[in-house]
Amino acid sequence: AANKYEQRQSDPRGNSYGEYRNMKQDKLDQQLSSAKQSELFKDLLIMLNGRLEPSASYLRQLIGQHGGQVVFQYTSGVTHMICQNLSASKFNIFSKRKIPIMYPKWVLMCVEQQKLIDTNDFIIQEIAEKLDIQQQTQISPIFQISQLNQSQFLEQQKQTEEEKQVLQLIESTQTTALVSSVLQPLNISQLSQLSPLSGTSPQAFYNVNRQVPQPQENTVQRYHESSRLHQLTQFKLNAQEFLIKNPPYGPKPTDTARPLFIHIDIDCFFCQASFLKLPTSKQQQLHGYPLAVSSNIKNASNSTADISSCNYTARRLGVHNGMWVSQAVQKCPNLQLLEYDFDFYNKLSLQFYDILRQFSSDIMPISCDEAYLKLSGIYTQQEDIKIIKQKIYSQLQLSTTIGLGENLIQARIATKLAKPNGFMFLNKEVFQQVIKDKQVDFLPQIGFKITEELKNMNIFTVEDLQNADIKLLRENFGEVKGQNLLNEANGVDFLLFQPIQNLLKQKSLQVSKNFNVRISQISVFKQLVFELLQELNQRSTDRQLKLNKLSITVNVAAANNKQFMKKMGCGVCNQVRSTIFIHKKCDQCVEELVDSVVNKIKMEDVRGVDVMGFVGEVKNIVQSKELGQNAQKKVEFWEKLQQQSQNTAEKQEIISCDDYFDALQQIDDQDVANALRKVFSAQCLCRGNLEEAFKLGIDGVEDMFEDKWRWL
DNA sequence: ATCGTGTGGTAGC
DNA sequence: ATCGCTACCACACGAT
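How each quantity is defined
Residues numbered from 1 in each chain as written. Chains lettered and ligands numbered in written order. Predicted model: local features only at pLDDT ≥ 70, side-chain atom pairs only at ≥ 80, totals over all residues. Heavy atoms only, no water. Buried < 20%, exposed > 50% of the residue type's maximum accessible area, 1.4 Å probe, protein only. Helix = DSSP H or I, 4+ residues; strand = E, 2+ residues; numbered from the N terminus. Pairing = 2+ DSSP bridges. Near = heavy atom within 4 Å. Polar contact = N/O pair within 3.5 Å; in protein donor to acceptor, adjacent residues only side chain to side chain. Axes fitted to C-alpha atoms, helices over the stretch in contact; angles between N-to-C directions. Parallel < 35°, antiparallel > 145°, perpendicular 65-115°, else oblique. Left-handed = near helix turned anticlockwise from the far one by under 90°. Contact = heavy atoms within 4.5 Å. Nonpolar A, V, L, I, M, F, W, Y, C, P; charged D, E, K, R; others polar.

### Quick notes on the pairing of strand β14 (residues 547-557)
Most of β14 is tucked away: 10 of the 11 residues are buried. Pairing of β14 with strand β16 (residues 606-615) involves nine bridges; the strand directions are antiparallel. Each residue of the ladder has a partner; that of Leu547, found in β16, is Val615.

### Concerning the protein's contact with DNA strand B
As a structural note, the neighbourhood of DNA strand B is formed by 23 residues, with Arg228, Phe270, Ser308, Asp369 and Arg412 the closest of them. Here, DNA strand B places atoms within 4 Å of the protein, and 78% of those atoms are sugar or phosphate. Side-chain polar atom of Arg228 to a base oxygen of DNA strand B: 2.7 Å apart, as the coordinates give it. A distance of 3.2 Å is found between a phosphate oxygen of DNA strand B and a side-chain nitrogen or oxygen belonging to Arg577. Among the elements of the structure, α14 (228-245), α15 (269-277), α23 (448-456) and β15 (573-581) are those that each provide at least two residues to the surface near DNA strand B.

### A look at the packing of helix α19 (residues 342-356) against helix α20 (residues 382-396)
Geometrically, a packed helix pair is captured by the angle between its two axes and the distance between the axes. Interaxial distance between α19 and α20 falls to 10 Å at its minimum, and their mutual angle equals 140°. Regarding the angle of α19 to α20, the classification is oblique. Viewed along their axes, α19 and α20 form a crossing whose handedness is right-handed. Where α19 approaches α20, its residues Leu348, Gln351, Phe352, Ile355 and Leu356 are matched on the opposing element by Ile388, Lys391, Ile392, Gln395 and Leu396. By residue class, the composition of the contact of α19 with α20 is seven nonpolar, two polar and one charged.

Structure representation (structure tokens):
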């Protein structure tokens, strides 16, 4: 990315963008030098970690003013680490490298006294002590794994150099808490303290000039930090990203061999992970108890908090995931509640995938703790496959279950039957035997609604479903769904195995808050929508997704809303949605969009809001109203682009600015070209990418940019 | 018929 | 009090 700017500047197409850009950069540089107060921290690269008091952004500014560089992730060359709380594992990395770890106070004292104070005085003692405890901890698992071969165990403990590097990478992956401290809006002087690389990127540039109204409080971000479902979805995306960056390197399955897949799942993942986080004494104390993870609640007997994960002891006593804590303790008075530790879950999840990488080159991630691996022709003995379990257990102390099958559905069901800490092989015959007496909702993709519908058709067990009339199924559930239902009941594959390397670009992005939303005034509603949109904007930028369509969905209390409602939940709602295609200035679009939903609802009925962005596909962009009267040309343009695309994945992606530019050169019709230019340019602007917008060179881009960015 | 948009269902802990 | 998110699929339906 650092060189991108250079390349653009010397772009042979030659445009005035570079000059304009330089002018802005000079302004920034001036501000930077005027802010500089000393060279106290010269040559130091200081890492800020986690929540800090004073805030990370303040410290960044201060360190910058005194000549130092700041990073938020570990990179080589880091000389100091500033933090208040630190995980033992992170502490390990820093202490091994003899990098001093200090409280923020150190920075303040150095500045005050204008000298670098001896770091020894500020090294965090508590952390060192905590680490000692951690090292002594004998991890006692929730499940006992069958005897591991001792020498094999020791062999596995040895880390290769490559493994170490990957572990560091996992370690440096931003945690949620860290991200949120990084995402605070920057002011100009803060921005100038960024490393040169990001200081010249279009995004940073755009941050300076956009006068984004400051949210009163980031309710959305704070909410997400403790929402398990939010975290769960992010973990999955993190795992995908991890596998893309660190591709599986295990043996390649052969096409000629008999197809063979495993489905692997960490048993009650959150529960095991939270248990591991407890001190040894507590673990011993809780040994054998029913356990469950939920939000920290004071009054369990009244709580409508969800049980997010519970161990198998609790399950035998009638507790299940998603149950309210009050219901759970009624059934199971001994239930012991554990706290969430999302950062730890995320880390374990990436380590889990890092271990899987070595067992097959074809991995299909399903969630943060669950994946399919294609093993055709790789292993001949089931014992060889159990090594995966052993390795995960020896490295992470997590028990898993593996299902082996000739297709995905068989493997999936095998896991479900073998849980916890199990291993099972299912082929067609065994599948039929074990499945026929199960209720239909035992099968994947059959949830509450479909179970209800099947009941109406007098279908209760899988065997009923196997014998059901395919015509009737198709009529009631549609062609595909009907066929799929029958297929999965018979153990016939209906899911396509898609290894990570086939992963297509994300198609949509959604940010929701449907909890604790009670609104009295329009202004409060707008504030919430604004925050959600800001988050959407941030995520689409982070993931480099280009959105061309927005929609807002409001959950509105239905007539029976209050019945059986979770406290602070949204209850039964009707959805009201408005959608808009972004074809002009984003703030105008959003204003229209918000107004259109506001007109459809009563504020006091609002129980939740979703904002959704659709990743721009060329075919959607070409739909723009600006091009309405040029239908014929649109189609030609679209077809031309289709021909240029080499494969499906490419076709799915929006073409880059360079591609727009090239494509526009090829269009004979000036009206169409101009209209397209306008649309694309506006979209670039909406994404805050001035560089691209400018390159497309329509009149008034600068005006549009200087115009205050105000959504509401 | 064929297109695009809106709706509803499911999954993970 | 308590953190009911989010991506994706398939289909119904209306427009052409």
